[in-house]
Amino acid sequence: ERLAPESIKNLGDGRWLFDFGKAMSGVLRFDAGLPNPIVPETYPRSHKLETKGEEEFITVVYGDSIQMETGDINLIIVAGMGLHDGGPREQSKGEGEDTQKTAGPCFPCDHGMVLTQRDAFVVPKTSSGRFAHARQPLFTSHGFRFAEVCCTKDPPQAVHAIAYRSAFAEWGEFHSSNVLLNGAYELSRNALNSNMLGTQTDCPHRERMQYGGDLVANSPASLHFFDLSAFYTKVVSDWIDSQWDNGAYTETSVYQDLNDGEGIGHGAGETIWASLPPVLTVRHVQHYADMQLVESTFDNHVKWMNFLVANWDAGIGELIEKKYSESEYRGNDGGLGDWLALAPRDTWLTHHAYLMASARAVAYLANRMEDKDGDVAVARGLADKVQKKINSLYMKNDAFSLREGVDWTPGPDLGLFARIVPGPRRCAVLKGMVRLSGSDEAVIWPGEEERLFYQHLTPSAFKKMLERGKVRLDGTNGDNDDLDIIWKRRNSMHEGILAVRYKLKAFSDMGFHSIALAKATGEGFPGFEYMLSHNATALWESWWRSENVFSRNHPMLGAVAEWLVSSVAGVSLAPTAIGGKQLLFWPRRPTSA
């Protein structure tokens, strides 16, 4: 895709800010070449290039958001996770610390001590006219909406952004009469389009890694948007290549030792993330009926299931069960779970749910093959055993929770969505989930970034936010320096990576589609409207406005797109479909309930 800039802004000192209107993965192309460079008195941050003094250069810095205080590209959020050394408000290294020595090449001196997305066009001083022949960088890509070109007297002409993505068909579409639903769909589309370049990545600028949990969560949406018959065959193969001899799958398709301590260990990492290969193979069969993929990977999936069984008690037992009694357990420990949810994450539940999911996937695949009756019985037996274990703890009351009165995530939504809750008690669990969703309790959000944003509003704009109930004054000053950021469970999207899908689907499928719609279209923080109102063009990694850690182009929460198609529009594969040959047409109807 080729995009012209929507605006070009002069930042001074020969620096030009191009805004291309939406987030993407790609590079800039200069169809008319580049003008000759100028040398400013002081180079802006990350635009100075270390040379031998015999060259001239022009640099291009990319980013997907603007720093509030300075009006130029927010470099810190591109680096993320504290991998930077300073900025107007950020300082991850101690004053005077030799960052280059302690962090090595991750903090190149001429990048201004920030992990920067940068292209440099360099020409000998004796050949400066050759800048007119510059076109675009090759063999690289960046995640961006904005780009700074520095330093030239006038802005380059005929500049375009070239957006990259692997070459597969894009066939999914959704439109409705509700602008917020359409907006959530487009945020998901843009985020996925930005993260499909050879691998399905988490974000297009920093980690660029294929995380299993992200694909577990949003591959149903991806399969709606795109023809991924070949692409997802390759993704499963990536995990097969990385599988350990002990049977463990990794949480990323190239082992990174990121969260080995958040699961069983032995190379597996977080259970949800590492369960992606069998889960994705099942989804591939349902869409494309590729039995060759099943036959070539089935033994690997069985090894994974056997690894889980052999190491489960020692792994998850040591991580959670032996560490906490039932009354002491508070969630959030021993795993990633429903990552970046605003409510406490029930990691014990998600570990066990994906042990069950892995076993169900193996049983499903074995049932599609010949002479695998024994594998079907073993896998079904394991899945049933785990389901009974969950219910023995969570169905002591009809709330599907470890203790009555807690609101952890996922909770009853997962129990209903994954058919864990016994049939005769599903209505009672649903009733409790509806009651929790109606809570109008105001919860204070301590986020610094939201608070800083409101402090920069004009008095009239701030007054409107007060009137809408989006903020609450906390003190006597009566101005936007003295406030609480509040959110309510009712009509908000506070779920994390997994429960976005569970909660919306459970409500819609079980007769409370009106609640699901109210959540997805809720105004203010947290929700999709909040992202859109802050000029987002792709999904954020977090519901809050992170300025220094979490990505602004991340499809993690993209399961909403699958819900829009399957529940709002009512078009999905039938549950028993093989190769996409049976469709289910079931538009959910809002009610007044």
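Throughout this document, residue positions are counted from 1 along each chain, in the order its sequence is written. Residue-level local features of this predicted model are given only where pLDDT is at least 70; pairs of side-chain atoms are given and counted only at 80 or more, and the full residue set underlies all totals for whole chains, interfaces and linings. Side-chain numbers here rest on the full set of heavy atoms in the structure, without hydrogens or water.

(A) A look at the overall build of the protein. Within the protein, the secondary structure is distributed over 18 helices and 14 strands. Here the globule rule is a power law, 2.2 Å times the number of residues to the power 0.38, and the radius of gyration is based on C-alpha atoms. Taken over the C-alpha trace, the protein has a radius of gyration of 25 Å; the compact-globule value for 593 residues is 25 Å, and the two agree within 12%. Projected onto its principal axes, the C-alpha coordinates of the protein cover approximately 80 × 65 × 50 Å. Contacts: residue pairs with any heavy atoms within 4.5 Å of one another. Look at the contacts in the protein between residues 6 or more apart in sequence, and 71% of them connect residues 24 or more apart. Total accessible area on the protein is roughly 24,300 Å²; 51% of this is exposed by carbon and sulfur atoms. Here a helix means four or more residues in a row that DSSP labels H or I, a strand means two or more in a row labelled E, and each is numbered from the N terminus. Surface exposure here means Shrake-Rupley accessible area, sampled with a 1.4 Å probe, where a residue is shielded only by the protein chains that are shown.

(B) Fine view of the pattern of salt bridges. When a carboxyl oxygen of Asp or Glu is within 4 Å of a side-chain nitrogen of Lys or Arg, the pair counts as a salt bridge. As enumerated under the stated definition, the model contains 19 salt bridges in all. Here E495 and K519 are joined by a salt bridge, their closest N and O atoms 2.9 Å apart. Of this pair, E495 sits in the loop between β12 (483-488) and α15 (499-509) while K519 sits in helix α16 (residues 513-520), and the two are 24 residues apart along the sequence. Only protein chains enter the accessibility calculation, which uses a 1.4 Å probe. A residue is then buried if its area is under 20% of the maximum for its type, exposed if over 50%, and partly exposed in between. A relative accessible area of 1% places E495 in the buried class. Salt-bridge contacts for E562 lead to K505; the nearest nitrogen and oxygen are separated by 3.8 Å. With E562 in helix α18 (residues 559-568) and K505 in helix α15, the pair connects residues that are 57 residues apart, well separated along the chain. Both residues of the pair, E562 and K505, belong to the buried class. A network of salt bridges, in which partner residues are shared, links R165, E170, E173, E186 and R189.

(C) Focus on the state of the cysteines. Two cysteine sulfur atoms form a disulfide, by the criterion used here, when they sit within 2.5 Å. Under the defined criterion, the tally for this structure stands at one disulfide. Disulfide pairing places C150 opposite C151 at an S-S distance of 1.9 Å. Torsion about the S-S bond of the C150 and C151 cystine: about 45°, corresponding to right-handed handedness. Accessibility classification places C150 together with C151 in one group, the buried group.

(D) Structural view of the packing of helix α8 (residues 291-321) against helix α9 (residues 347-367). For the pair α8 and α9, interaxial distance at closest approach is 10 Å and the crossing angle is 155°. Of the possible angle classes, the one that applies to α8 and α9 is roughly antiparallel. Like other packed secondary-structure pairs, α8 and α9 cross with a definite hand, here left-handed. Judged by residue contacts, V294, F298, H301, V302, W304, M305, L308, W312, I316, L319, I320 and E321 of α8 engage T347, W348, H351, H352, L355, S358, A359, V362, L365 and A366 from α9. In terms of residue class, the contact of α8 with α9 is made up of 16 nonpolar, five polar and one charged. Only C-alpha atoms enter the line fits that serve as axes; for helices the fit covers just the stretch in contact. Angles between N-to-C directions range over 0 to 180 degrees. Each angle receives one of four descriptions, namely roughly parallel if under 35 degrees, roughly antiparallel if over 145, roughly perpendicular if within 65 to 115, and oblique otherwise. Helix crossings get a hand from a simple test, with the near helix turned counterclockwise from the far one by less than a right angle marking a left-handed crossing and a clockwise turn marking a right-handed one. Charged residues are taken to be Asp, Glu, Lys and Arg, nonpolar residues to be Ala, Val, Leu, Ile, Met, Phe, Trp, Tyr, Cys and Pro, and polar residues to be all remaining types, Gly included.

(E) Inspection of the environment of I76 at higher detail. Structurally, I76 can be placed in helix α1 (residues 75-79). Sequence spacing of I76 and V549 is 473 residues, and the spatial spacing of their C-alpha atoms is 7.7 Å.

(F) Focus on the packing of α15 against α16. Close contact between α15 and α16 brings their axes to 6 Å; oriented N to C, the two are set at 145°. Packed against α15, whose contacting residues are K503, L504, F507 and S508, the element α16 presents H513, I515, A516, K519 and A520 at the interface. The residue makeup of the contact of α15 with α16, split by class, is five nonpolar, two polar and two charged.

(G) Looking closely at helix α3 (residues 179-193). The terminal C-alpha atoms of α3 lie 21 Å apart, and with 15 residues this matches the ideal 21 Å at 1.5 Å per residue to within 8%. Of all 15 residues in α3, 12 are buried, a share of seventy percent or more. The set of residues buried in α3 consists of L180, L181, G183, A184, Y185, L187, S188, R189, N190, A191, L192 and N193. In protein, a polar contact requires one atom able to donate a hydrogen and another able to accept it; more generally it is a pair of N or O atoms within 3.5 Å, and residues adjacent in sequence count only if both atoms are side-chain atoms. Its side-chain oxygen placed 2.8 Å from the backbone nitrogen of L180, N178 serves as the N-cap of α3. Expected span of a helix, by definition, is 1.5 Å for each gap between consecutive residues, and there is one gap fewer than residues.

(H) Quick peek at the pairing of strand β2 (residues 7-12). At least two bridges found by DSSP between two strands is the condition for calling them paired. Sheet analysis places β2 next to strand β3 (residues 15-30), joined by five bridges and oriented antiparallel. Looking across to β3, one finds that I8 is bridged to F18. The hairpin turn running from β2 into β3, its antiparallel successor, is two residues long, and D13 in that turn takes a positive phi close to 60°.

(I) Layout of the packing of aromatic side chains. Side-chain rings of Phe, Tyr and Trp (the six-membered ring for Trp) are treated as a pair once their centres are within 6.5 Å; stacked means planes under 30 degrees apart, edge-to-face means over 60, and tilted covers the remaining angles. Taken as a whole and judged by the stated rule, the model has 22 aromatic pairs. With centroids separated by 6.1 Å and ring planes inclined at 90°, the aromatic side chains of F20 and F144 adopt a geometry described as edge-to-face. Of this pair, F20 sits in strand β3 while F144 sits in strand β6 (residues 142-150); the two residues are 124 residues apart in sequence, bridging distant segments of the chain. Residue class for F20 comes out buried when judged on its relative accessible area of 1%. Given a relative accessible area of 0%, F144 falls into the buried group. Between F174 and Y185, the aromatic rings sit 5.5 Å apart at their centres with planes inclined by 40°, giving tilted as the arrangement. Of this pair, F174 sits in the loop between β7 (159-163) and α3 while Y185 sits in helix α3, and the two are 11 residues apart along the sequence. Judged on exposure class, the residue F174 and its partner Y185 are both buried. Taken together, the aromatic side chains of F168, F174, Y185, F225, F226, F231 and Y232 make up a single cluster linked through ring pairs. Definition used: whenever NZ (Lys) or CZ (Arg) falls within 6 Å of the ring centre and also within 35 degrees of the ring normal, the charge is taken to sit over that ring. Sitting over the face of the ring of W540, R552 holds its NZ or CZ atom 4.9 Å from the ring centroid. Above the plane of the ring of W586 lies R588, whose end atom (NZ or CZ) is 3.6 Å from the centre.

(J) Broad picture of the environment of M433. Along the chain, M433 falls in helix α12 (residues 426-437). Taking relative accessible area as the criterion, M433 reaches 4% and is therefore assigned buried. Not counting the four nearest positions on each side in its chain, M433 is found in contact with P412, D413, L416, K503, A506 and F507.

(K) Representation of the nonpolar core within the structure. Counting residues in each nonpolar core, the largest one holds 130 residues, and the members touching the most others are Y232, F400, W543 and W563. Among the elements that line this core, the one with the most residues is α9, at 14 residues. Apart from residues lying up to four places away in sequence, W563 is in contact with L181, L504, K505, S508, H513, A516, L517, A520 and V568. Listed in part, the 23 residues of the second largest apolar core include F121, F144, V159 and A163. Here, the term nonpolar core denotes a set of buried Ala, Val, Leu, Ile, Met, Phe, Trp, Tyr and Cys residues that are joined through side-chain atoms within 4.5 Å.

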